[in-house]
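What the coordinates show
Letter by letter, the chains look like this.
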Amino acid sequence: MSSSQPTPSTPNTHQLSRPSSPAPQTLTSTALDNVSSTFNNLISRTRRTPAVDWREIPQPVNLVKVVSQPVAPGSTAIKYLATGITPQAELILSQLPVPIHIVAFTGFGRSGKSFTATKVRAHLTGNNDHQFASAPGNIPCTHGIDMMVFDNPRGPGTVVFLDCEGGANHNQTALPFVIGLAARLSTQLYAFERGCFTTGGLDTVMQVINMGHATSADDVDITRQLILVENMSINGDIPDRRLLEDLLSEEDGDEQTNRVRRLIKERFDTSFAKLPFTMKGNAEVHQEAVATLADSLADSLTPFVIGGVPVDGAVVVQLINELLAQISAGGSRFNMVSATEALVANMAAEAANAVWTDFIAKVRKQGNHPVQINGRKHLRTVLREVEGAANTCINELESFTTKLVPAEPATVAKQTWDRNFRNFEQDIRAAHKRKADELAKYTQWADRINRLVNEIVAQVVEAIRQFIRFARFSTSLILMSNYYFWRSSFNLVTGIAQGVISGGN
């Protein structure tokens, strides 16, 4: 079985510890940075760099594609439906690193949202090279959501401005996905109203609260920073704090109005701002008010978070697609709870896959990958070395997944790792057995050849030994023959010599 072919996971000694499900807790900035860094270090290893830099794409761009369709088959009445993120927006967002600061401008139509967003960006960046579409009159310029991205001029990361279609405009069927995306994506949300901010202007805020059943899900990462903006204000002489207190006071108003005020105070960190008329005579005053608004924004930028972890633009794209899929499936509102859980599960799965890639690299370096098994190293040694590499990778994965909120969908990392490791371990055992069997066959032939060689060598040695004995015997025989020959010769010569001598006498 190949490790690339997953099967249902079963428990083993390398399962990740299953995180409990405590109440959501706020992480410190250092903890968030550490977790975010871990996640993005894991994921960046498997993501490719796009061919086109996001800064080279003309901005602003439309965030989501909106189409009109009949309310019912055969009907002449139409409604507007968001079908998916636009290619330009996806290309830009997918390149953005951590941290991302997403700011949404929502509220009533024709209340100066696009114009103000452009002026705020110009003050932050020092240039006015990109502008949201805006014009006086009663015809709205923004349809759906327009997006502009720029480098954070006062810190790391990037800033994303979302210019949302306004309420009380012509295309009211577009508002559910407009407000839903603004509520879920933005780390700061501006709600605009013209002239004087009334309880009617809080309808936009209530839509933010109602989207995705957010009132029953405290751990959903909807925006917490809410700025109520009174554009073309007639309350220039009244302090902002007093205007906010009067607007959210529960001392007057019916039960429904007071409930809205109470929910806003419970759900949001709310502040108030007002902008004067933009007439020629007070252009400088208006610019000062915009500068104050921009400086306040720059000082309070918050990284975009999913599951308690700051994430990059690629994960933002996943979230947008998840939310829009709910609307495309026929829903009338986003379920932010399920969307967040889906994204947390995706993040955990991506982290598990990235860690698994590192684990495979370490095992290959050890020479313990199934394709590298040769059967000469003992199986227990192989598994022990693999276990050491696995423990290091598991610790890295746990340091990320245990911080994800909610905890339940994050357990997909455990399931992914367990499945992969179980299959990988089975592959090692199978490869080792196969190689061991092959070595056993070779060993049998080697033993036979070795016995044959030993027999031949033994016979050769015995032959040499016999030859040496024969040589020694032959040498001894020759020496003995020579001895008797010389002795007889000596006796003969001696006899002759004595005969000669005795004859002479």
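What you see is a predicted model; the values in this text were computed from it and never measured.

**Looking at unusual backbone geometry**
Put simply, Gln59 and Pro60 share a cis peptide bond, and its omega is 5 degrees. As for its placement among the helices and strands, Pro60 is situated in the loop between helix H1 (29-44) and strand E1 (61-62). Going from Val98 to Pro99, the amide bond is cis rather than trans, its omega being 0 degrees. You can see Pro99 is positioned in the loop between helix H2 (87-93) and strand E4 (100-107). Non-glycine residue Met232 carries a positive phi angle of around 55 degrees.

**Points about the sheet that holds strand E8 (residues 225-231)**
Spatial strand order, E1-E5-E6-E4-E7-E8-E9: seven strands in an open sheet with mixed pairing. On the outer flanks of this sheet lie E1 and strand E9 (269-274), each paired with one strand and no other. Direction of pairing for E4 relative to strand E7 (residues 188-194): parallel, over a ladder of five bridges. Within the sheet, the bridge partner assigned to Ala104 lies in E7 and is Leu189.

**A few points about the packing of aromatic side chains**
The full count for this structure, using the stated rule, is twelve aromatic pairs. Between Trp356 and Trp417 the ring centres are 5.1 Å apart and the planes differ by 80 degrees, which places this aromatic pair in the edge-to-face class. One end of the pair, Trp356, is in helix H10 (residues 336-366); the other, Trp417, is in helix H13 (residues 412-504), with 61 residues separating them in the sequence. Looking at Trp356, the relative accessible area reads 10%, which means it is buried. When the ring of Trp356 is compared with that of Phe424, the centres are 5.8 Å apart and the planes differ by 90 degrees; the resulting orientation is edge-to-face. Of this pair, Trp356 sits in helix H10 while Phe424 sits in helix H13, placing them 68 residues apart in sequence. Across the pair, Phe424 and Trp356 agree in class, each one buried. An aromatic cluster is defined as three or more aromatic residues linked by ring pairs; in this entry it consists of Phe105, Phe150, Phe161, Tyr190 and Phe192.

**A short note on the pattern of salt bridges**
Scanning the model with the defined rule gives 14 salt bridges in all. One salt bridge connects Glu462 with Arg465, and the closest N-O pair in it is separated by 3.3 Å. One end of the pair is Glu462 and the other is Arg465, both in helix H13 and three residues apart, which spans about a single turn. Overall, the relative accessible area of 34% leaves Glu462 in the partly exposed class. By relative accessible area, Arg465 is classed as partly exposed at 46%. Taken together, the shared-partner salt bridges connect Glu250, Glu255, Arg262 and Lys265 into one network.

**Thoughts on the layout of surface pockets**
Rolled over the atoms, a probe as big as a water molecule pinpoints where empty space is left. Taken as a whole, the second largest pocket holds about 390 Å³ of empty space. Per-class residue counts for the lining of the second largest pocket are eight nonpolar, eleven polar and two charged.

**What about the packing of helix H4 (residues 175-185) against helix H5 (residues 203-210)?**
H5 packs onto H4 with a crossing angle of 75 degrees between their chain directions and a minimal axis gap of 9 Å. The angle between H4 and H5 places the two elements in the roughly perpendicular class. Residues Leu175, Ile179 and Ala183 of H4 pack against Thr204, Gln207 and Val208 of H5. In the contact of H4 with H5, the residues fall into four nonpolar, two polar and no charged.

**Comments concerning the nonpolar core**
Within the largest apolar cluster, 88 residues are counted, with the highest numbers of intra-cluster contacts made by Leu63 and Phe359. At twelve residues, the largest contribution of residues to this core is made by H10. Taken domain by domain, the makeup of this core includes at least three residues from each of domain 1 (46-332) and domain 2 (345-445). Beyond its immediate chain neighbours, meaning those up to four positions away, Leu63 contacts Ile85, Thr86, Ala89, Leu93, Ile145, Met147, Leu162, Leu181, Leu185 and Ile320. Counting 23 residues, the second largest nonpolar core, distinct from the first, contains Met148, Tyr190, Leu293 and Ala294.

**Topic: the packing of helix H3 (residues 113-125) against helix H8 (residues 283-299)**
Running from amino to carboxyl end, H3 crosses H8 at an angle of 70 degrees, the nearest separation of the two axes being 9 Å. It follows that H3 is roughly perpendicular to H8 by the angle criterion. Along the contact surface, H3 presents Phe115, Thr116, Lys119, Val120, His123 and Leu124, while H8 presents His286, Gln287, Val290, Ala291, Leu293, Ala294, Asp295, Leu297 and Ala298. Considered class by class, the residues forming the contact of H3 with H8 number nine nonpolar, four polar and two charged.

**A word on the pairing of E8**
Of all seven residues in E8, seven are buried, a share of seventy percent or more. Burial along E8 is two-sided: the residues Gln225, Ile227, Val229 and Asn231 and Leu226, Leu228 and Glu230 are all buried. Here seven bridges tie E7 to E8, and the two strands are oriented parallel to one another. Following the sheet pairing, Arg194 is matched in E8 by Asn231. Across six bridges, E8 lies against E9 in parallel orientation. The residue bridging Val229 from the neighbouring strand is Ala273, located in E9.

**With respect to the environment of Lys433**
Relative to the elements of secondary structure, Lys433 occurs in helix H13. Measuring from C-alpha to C-alpha, the distance between Lys433 and Ile373 comes to 9.6 Å, with 60 residues separating the pair along the chain.

**Focus on empty space enclosed by the protein**
Applying the stated rule across the entire model yields two cavities of 30 Å³ or more. Put simply, the second largest cavity is a space of about 40 Å³. In terms of lining residues, the second largest cavity is bounded by Leu63, Leu93, Ile102, Met147, Val160, Leu162, Leu185, Val316 and Ile320. Listing elements by their share of the lining of the second largest cavity, those giving two or more residues are strand E6 (158-164) and helix H9 (313-328). Class assignment for the residues of the lining of the second largest cavity results in nine nonpolar, no polar and no charged.

Definitions and limits used
Residues numbered from 1 in each chain as written. Predicted model: local features only at pLDDT ≥ 70, side-chain atom pairs only at ≥ 80, totals over all residues. Heavy atoms only, no water. Helix = DSSP H or I, 4+ residues; strand = E, 2+ residues; numbered from the N terminus. Pairing = 2+ DSSP bridges. Phe/Tyr/Trp six-rings, centres within 6.5 Å; stacked < 30°, edge-to-face > 60°. Buried < 20%, exposed > 50% of the residue type's maximum accessible area, 1.4 Å probe, protein only. Salt bridge = Lys/Arg side-chain N within 4 Å of Asp/Glu carboxyl O. 1 Å grid on protein atoms, 1.4 Å probe; cavity = no way out; pocket = protein on both sides within 12 Å on 5 of 7 lines; lining within 4 Å. Points joined across faces, edges and corners; volume = space filled by probe spheres on them. Nonpolar A, V, L, I, M, F, W, Y, C, P; charged D, E, K, R; others polar. Axes fitted to C-alpha atoms, helices over the stretch in contact; angles between N-to-C directions. Parallel < 35°, antiparallel > 145°, perpendicular 65-115°, else oblique. Contact = heavy atoms within 4.5 Å. Core = buried A, V, L, I, M, F, W, Y, C linked by side-chain atoms within 4.5 Å. Domains from an automatic or database assignment.

From the geometry alone we can't say anything about function, so treat these as descriptive.
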